[in-house]
Amino acid sequence: MTEAVPRHGSVFRMSKQYRDDWEKAARFLCDFAMVAPRTGEDWRADAQAVMNLRTSDPRGWLEVNDAPETDAWCDRTHPFIPPFLSEFDTSVFPVPKNAAIQLMSLLHADWFAAWAEPDFDERKEDLMERAEVVLGRFGENAVFYTNATAARDDPEADMFHREQIHECFTDYPLDCGVIAVSPDEVGVFWGFFIGD
């Protein structure tokens, strides 16, 4: 799971309008959305740095950290239980971009499920467009991972109609996320569910 993503020069530039759209989409979809620069061949170290709040967005774009304040250990000061690098080998699973878009579009929904999202059928296209804006930042050579266990058995699974089982990275009742890995950046996009 630690296959190298080819590296190339500097981060590509994007317009101010795209940045605004990206920030709005990330804020709308995610409880946690942060991006780090790639620092080497092992993307896991960069994802770990993001989850441990030890990095900042290389473009200076919005960082979202709305981890719930509850009786749990996790909160805004440490939204994740600090992961070991090896956990990325056993707790996240590769998915194609279309599955990552489906998952991203559900990060704000209860249980991260289409059935729990009010008027999902009417909103599906808008939600997927927002997710595509967020993940589009990472370019055509990006690879994606999720902690949704449906991807462990079938990376091509329909993420709108999957079992709601996840390899959790928090002590909240449930969390779900997508990790985007490009040659230049690693993005961690997560939702936290604490129940009613």
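Reading the values: the criteria
- Residues numbered from 1 in each chain as written.
- Predicted model: local features only at pLDDT ≥ 70, side-chain atom pairs only at ≥ 80, totals over all residues.
- Heavy atoms only, no water.
- Helix = DSSP H or I, 4+ residues; strand = E, 2+ residues; numbered from the N terminus.
- Buried < 20%, exposed > 50% of the residue type's maximum accessible area, 1.4 Å probe, protein only.
- Polar contact = N/O pair within 3.5 Å; in protein donor to acceptor, adjacent residues only side chain to side chain.
- Salt bridge = Lys/Arg side-chain N within 4 Å of Asp/Glu carboxyl O.
- Phe/Tyr/Trp six-rings, centres within 6.5 Å; stacked < 30°, edge-to-face > 60°.
- Lys NZ or Arg CZ within 6 Å of the ring centre and 35° of its normal.
- Patch = residues over 30% accessible without salt bridge, like charges linked within 9 Å, V, L, I, M, F, W, Y side chains within 5 Å.
- Areas by Shrake-Rupley, 256 points an atom, 1.4 Å probe, with all protein chains shown as cover.
- Lys, Arg positive; Asp, Glu negative; His and termini not counted.
- Charge placed at Lys NZ, Arg CZ, Asp CG, Glu CD.

**A word on the environment of Thr77**
Then, number 1: Structurally, Thr77 can be placed in the loop between strand S2 (64–65) and helix H3 (87–91).
Then, number 2: Classification of Thr77 as exposed rests on a relative accessible area of 58%.
Then, number 3: Between the alpha carbons of Thr77 and Leu53 there is a distance of 8.2 Å; along the sequence they are 24 residues apart.
Then, number 4: Here the side chain of Thr77 touches Asp75 through a polar contact of 2.5 Å, side chain to side chain.
Then, number 5: At 3.5 Å, the side chain of Thr77 and the side chain of His78 are in polar contact.

**Notes on the pattern of salt bridges**
Then, number 1: In total, this model carries 12 salt bridges according to the counting rule given.
Then, number 2: Note that Arg19 and Glu23 form a salt bridge whose closest N and O atoms lie 3.0 Å from each other. Placement of the pair is Arg19 and Glu23 together in helix H1 (residues 16–29), with a separation of 4 residues, close to one helical turn.
Then, number 3: A salt bridge links Asp57 to Arg137; its shortest N-O distance comes to 3.0 Å. Residue Asp57 is located in the loop between helix H2 (43–51) and S2, and its partner Arg137 is located in the loop between helix H5 (120–136) and strand S4 (143–146); the two are separated by 80 residues in the primary sequence. Like Asp57, the residue Arg137 is buried in the burial classification.
Then, number 4: Each of Asp57, Arg59, Arg137 and Glu185 takes part in salt bridges that share partners, so that together they form one network.

**Observations regarding the packing of aromatic side chains**
Then, number 1: Counted according to the given criterion, the structure contains 14 aromatic pairs.
Then, number 2: Between Tyr18 and Trp61, the aromatic rings sit 6.0 Å apart at their centres with planes inclined by 50°, giving tilted as the arrangement. Taken together, the residues span a long stretch of sequence, with Tyr18 in helix H1 and Trp61 in the loop between H2 and S2 at a distance of 43 residues. Across this residue pair, the class does not change: Tyr18 and Trp61 are buried.
Then, number 3: Their ring planes at 20° and their centres at 4.4 Å tell us that Trp43 and Tyr145 sit as a pair that is stacked. In this pair, Trp43 sits in helix H2 while Tyr145 sits in strand S4, placing the two residues 102 residues apart along the sequence. The pair formed by Trp43 and Tyr145 is uniform in burial state, with each residue classed as buried.
Then, number 4: Site record: aromatic cluster; members linked through ring pairs are Phe32, Trp43, Phe80, Phe88, Tyr145, Phe169, Tyr172, Trp190 and Phe192.
Then, number 5: When the ring centre of Phe28 is taken as reference, the NZ or CZ atom of Arg130 above it lies at 3.9 Å.
Then, number 6: Positioned over the ring face of Trp61 is Arg137, at 4.5 Å from the centre of the ring.

**Digging into a negative patch on the surface**
Then, number 1: Together, Asp153, Asp154, Glu156 and Glu163 make up a negatively charged patch on the protein surface.
Then, number 2: In this structure, Glu163 sits in the loop between helix H6 (150–153) and strand S5 (174–181).
Then, number 3: When its relative accessible area of 59% is taken as the criterion, Glu163 is described as exposed.

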